[in-house]
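Close look at the chain arrangement
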Amino acid sequence: MKQLLAFLAGPGLIAALLIFSCGLTFRLVRYFRGLDWRLDRVAYRPQMSAGMAGGLHSIFRWLLPYGTHGWRSYPLLTLCFFLFHAGLVLLPLFLPGHTVVLEQTVGFSPPSLPQFAGDALTALSLFGGFFLLLRRIALPETRLLGTFGDYALSALVLLVLASGLLARMQATNYDLWLLLHIAAGELTLILAPFTKLSHMVLFFAARWQLGADYAVKRGGHRRGPCFPW
Amino acid sequence: MPEGKFCNKKPITTEEDLKALLADKGGKQYYEEMAELEVDTQKLRDALRRTCASRTLTWLEICARCGMCAESCFLYMVNDRDPEQVPAFKIQSTLGEIVRRKGNVDNSFMRRAMEYAWARCTCCNRCGMFCPNGIDTGVMFSYLRGLLYAQGFVPWELKIGAGMHRVYHAQMDVTTDDWLETCEWMVEENREIWPGLDIPVNRQNADIMYTLNAREPKHYPEDVAEAAILFHLAGENWTVPSEGWEQTSLAMFAGDWEACKISVENVYAAIERLKPKRVIGTECGHAHRATVVEGPYWAGRPDGKPPAEYIHYVEWVAEALRTGKLKIDPDKKIREKVTLQDSCNYVRNHGLARYTREIMGYIVEEGCFVEMTPNREYNYCCGGGGGFNGIGLFRAQRNQALKAKRDQIVATKATLVIAPCHNCWDAIRDMEEEYKLGIRWSFLKPLLVSMVLVPEHLGG
Ligand code: HEM
Ligand code: HEM
Ligand code: SF4
Ligand code: SF4
Ligand code: SF4
């Protein structure tokens, strides 16, 4: 087990990070290269500055909790979404446990959060994610929409959070939880470019596109300074 | 039987075929044939390979299936929150499936997809404003319509509509002669009351070229007269083209992109020929979408703009009132409770909400104008958009769909609804017929004609 752990925390991690970053970069590049002014019917290039302003505004507004009509119309979902994602975005990079591993394996790391902040983020993130999963099961519309993949990915991400927490609490079977955590964490990284987890970059792409679409073609300056997201 | 006599993969291109299809009343035989129509899966796969690119594929892939688009869709709301009316479900189970199966779908799949594409979505684009991932389901439905049309799975009326554009360059059988005669007739009819009234045809380098909806000369010629009267009173130097005056596009509703291109190029050719300073389109939502918003792309114009500045009628009216070209008689302002229908096609999809609000400020007495809730960009579709109004097969679904707008109107307690859009106007007319609300509805033109001050030099 120790050997397996060492492998996963060493070469395994490097491989996972490479697949993750190259894969997602590739997806992002392919997205933008695939935009086609004729097929999409949006004059991206000739009206780039308007498009850029509209696109960035659309991303920015949707990153603010309750910043849009959409977020405001589902208050509880929005709360849980932001709790869940705050953890998912901040923890992998800034958690003390992670920065130590990154320092060892990759050679450098971002500054780390205080331990209590990590714990709190973890708990809130788990809470948010758990609620999202419950909601998915409880509502008729999301039950109809959901695919096996949706449940599997949600479960995987929740497993990463929960096993990390259990390892951190030094629960009995520390090694087992840690092993599970690292394996699931790396699986998440590896799957990201190939599943809808790619939304972690394609969200920005698609949001940019729709914002640009409204700014370039569907009204733009006639509407006023920006689209009322 | 793969290809039917009426229901097949070929567009209508001759008057003869058009008349034959029209003679199949209600599309009886047409729909019978559709039940047997084969899907050309190879052609479908090729179409996907050519036209289903990054934007659409990403939309389909990253949908979180979170259901945040559910309540945004009026069709979900008026159908008792039927989960099968959630935009994400509607598109994933049609276009999404076609893409995942690489075009390998059968006849019954396509007929179901047709029902979804034309009776469960009006392409109003409202849901796209509520999706955190920026997924615009209305745009995808429009794309799906194109795939279905190319395979012959399109409602009878829209196959005819697209054929009309191909044969007559208009959504109805209005020929150039019919059109010019209507202009002359309207001038004669109104000259006595409006001395000097004229509809200048094919005048070069005018300030304004006016384009319209074929329904106007065909069924509502007084609308043409009212447009002329208002331009006359405003002292505009304007003209209409003898060819290229028809601005609408049922072909867009049908998903017949080739016919869309033919129609819009016809209008743009008139612009190139007459070289007006700018073009003004009538009070129609989808016509504006077709010639100003989407049209430049169909015509292959890389800057995404028509050949000359092209504005909607409401933009011109707002400007004419602002600059004093048209003045309203203060005694004739509207004094009853009045509300305004925001057409998705030029409000959500072209940002013109503030122009109609500006107009209300001039023509309605203070305190009498009531907004619907929600409004502007967030308005609901009238219930009959995207061709829904005209499809007999889906009449029951359309009548159900009208309920969202009905309830919005009733909540305002207004007795008059201003609807500067042909489609919305029709939907509200049908709503009154179906649900007896006791309301009136109107375009802007007749209201304006009844309230403008006539300048002294024109006999006022
Ligand atoms: C998607 C990726 C990941 C997420 C969301 C994640 C999340 C977490 C969370 C929530 C904790 C518990 C923190 C606390 O309660 O304060 C944790 C701990 C930890 N994680 Fe991860 N993790 C991920 C990937 C990884 C990977 C790939 C590795 C290793 C190579 C790793 C190594 C650790 C370690 C060593 C700890 C600390 C355990 C301890 O305190 O003893 N994590 N992680
Ligand atoms: C900045 C980065 C990210 C953005 C902007 C983002 C955005 C979104 C959006 C808009 C949704 C759908 C909304 C909803 O469910 O209410 C979503 C769902 C989801 N995201 Fe992210 N995401 C990001 C990063 C991540 C990461 C890093 C992970 C996992 C490691 C992740 C996992 C998930 C999961 C599992 C769901 C589905 C939740 C459900 O069951 O409804 N996201 N994300
Ligand atoms: S709101 Fe967007 S991401 Fe969520 S289900 Fe609807 S289309 Fe999919
Ligand atoms: S575009 Fe409009 S009608 Fe179509 S699914 Fe979206 S909200 Fe519903
Ligand atoms: S008919 Fe009017 S309200 Fe309905 S979709 Fe078209 S523009 Fe929108």
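Structure first, text after, so check above.
Quantities reported herein were computed from a predicted structural model and do not represent experimental measurements. (Residues numbered from 1 in each chain as written. Chains lettered and ligands numbered in written order. Predicted model: local features only at pLDDT ≥ 70, side-chain atom pairs only at ≥ 80, totals over all residues. Heavy atoms only, no water.)

**Structural notes on the interface of chain A and chain B**
Of the residues lining the interface, 55 residues belong to chain A; the matching set on chain B comes to 58 residues. Joining chain A to chain B, the criterion identifies 9 salt bridges. The residue Arg55 of chain B makes a salt bridge to Asp213 of chain A at a minimum N-O spacing of 3.0 Å. On the surface where chain A and chain B come into contact, there are 26 residue pairs in polar contact (both at pLDDT 80 or more). (Contact = heavy atoms within 4.5 Å. Salt bridge = Lys/Arg side-chain N within 4 Å of Asp/Glu carboxyl O. Polar contact = N/O pair within 3.5 Å; in protein donor to acceptor, adjacent residues only side chain to side chain.)

**Points about the coordination of the iron atom of ligand 1**
Tetrahedral coordination by four donors puts the ideal angle at the metal at 109.5 degrees, and octahedral coordination by six puts it at 90 or 180 degrees. All names here are of chain A. Protein-derived ligands of the iron atom of ligand 1 are His98 (NE2) and His181 (NE2), with the metal-ligand distances lying across 1.9 Å. Coordination geometry of the iron atom of ligand 1: the 6 donor atoms subtend angles of 86 to 179° at the metal centre, consistent with an arrangement described as octahedral. Taken together, the residues His98 in helix H6 (residues 96–105) and His181 in helix H10 (residues 174–191) connect sequence positions 83 residues apart. (Donors = N, O, S within 2.8 Å, 3.2 Å for Na, K, Ca; no water. Tetrahedral: all angles 85-135°; square planar, octahedral: opposite > 155°, others 65-115°. Helix = DSSP H or I, 4+ residues; strand = E, 2+ residues; numbered from the N terminus.)

**Let's talk about the environment of His312 of chain B**
Residue and element names in this part refer to chain B. If you trace the backbone, His312 turns up in strand S4 (residues 309–312). Taking the C-alpha atoms as reference points, His312 and Gly103, separated by 209 residues in sequence, lie 39 Å from one another. Ignoring any residue separated from it by four or fewer positions in sequence, one finds His312 in contact with Ile280, Gly281, Thr282, Glu283, Cys284, His288, Tyr346, Leu352 and Pro420.

**Examining the nonpolar core**
Grouped together as the largest cluster of nonpolar side chains are 206 residues, with contacts concentrated most on Trp316 and Ile363 of chain B. Here the element with the most residues in this core is helix H11 (residues 199–216) of chain A; it accounts for 10 residues. Setting aside its immediate chain neighbours within four residues, Trp316 of chain B contacts Ile208, Leu230, Phe231, Ala234, Glu236, Arg278, Ile280, Ile311 and Leu326 of chain B. (Core = buried A, V, L, I, M, F, W, Y, C linked by side-chain atoms within 4.5 Å. Buried < 20%, exposed > 50% of the residue type's maximum accessible area, 1.4 Å probe, protein only.)

**Examining the site of ligand 5**
As a structural note, the neighbourhood of ligand 5 is formed by Gln341, Ser343, Cys344, Asn345, Cys381, Cys382, Gly385, Cys421, Asn423 and Cys424 of chain B. Considering only residue class, the shell around ligand 5 consists of 5 nonpolar, 5 polar and no charged. (Near = heavy atom within 4 Å. Nonpolar A, V, L, I, M, F, W, Y, C, P; charged D, E, K, R; others polar.)

**A short note on the pairing of strand S1 (residues 208–211) of chain B**
Residues and elements named next belong to chain B. Of the two faces of S1, the one carrying Ile208 and Tyr210 and the one carrying Met209 and Thr211 are both buried. Where S1 meets strand S2 (residues 238–239), 2 bridges bridge the pair, whose relative direction is parallel. Looking across to S2, one finds that Ile208 is bridged to Trp238. Inspection of the sheet shows S1 paired to strand S3 (residues 278–281) by 4 bridges, in the parallel sense. Bridge pairing links Tyr210 to Ile280 in S3. (Pairing = 2+ DSSP bridges.)

**Some thoughts on the coordination of the iron atom of ligand 2**
Residues and elements named next belong to chain A. In this structure, His85 (NE2) and His199 (NE2) serve as the protein donors to the iron atom of ligand 2, at separations of 1.9 to 2.0 Å. Angles of 86 to 179° at the metal separate the 6 donor atoms of the iron atom of ligand 2, which places the site in the octahedral class. Placement of the pair is His85 in helix H5 (residues 75–94) and His199 in helix H11, with a sequence separation of 114 residues. According to the relative accessible area criterion, His85 is partly exposed, its value standing at 21%.

**Observations regarding H11 of chain A**
For H11 of chain A, spanning 18 residues, the distance from its first C-alpha to its last is 24 Å, which sits close to the expected 26 Å at 1.5 Å a residue. With respect to burial, H11 of chain A is a largely interior element, 15 of its 18 residues being buried. (Expected span 1.5 Å × (residues − 1).)

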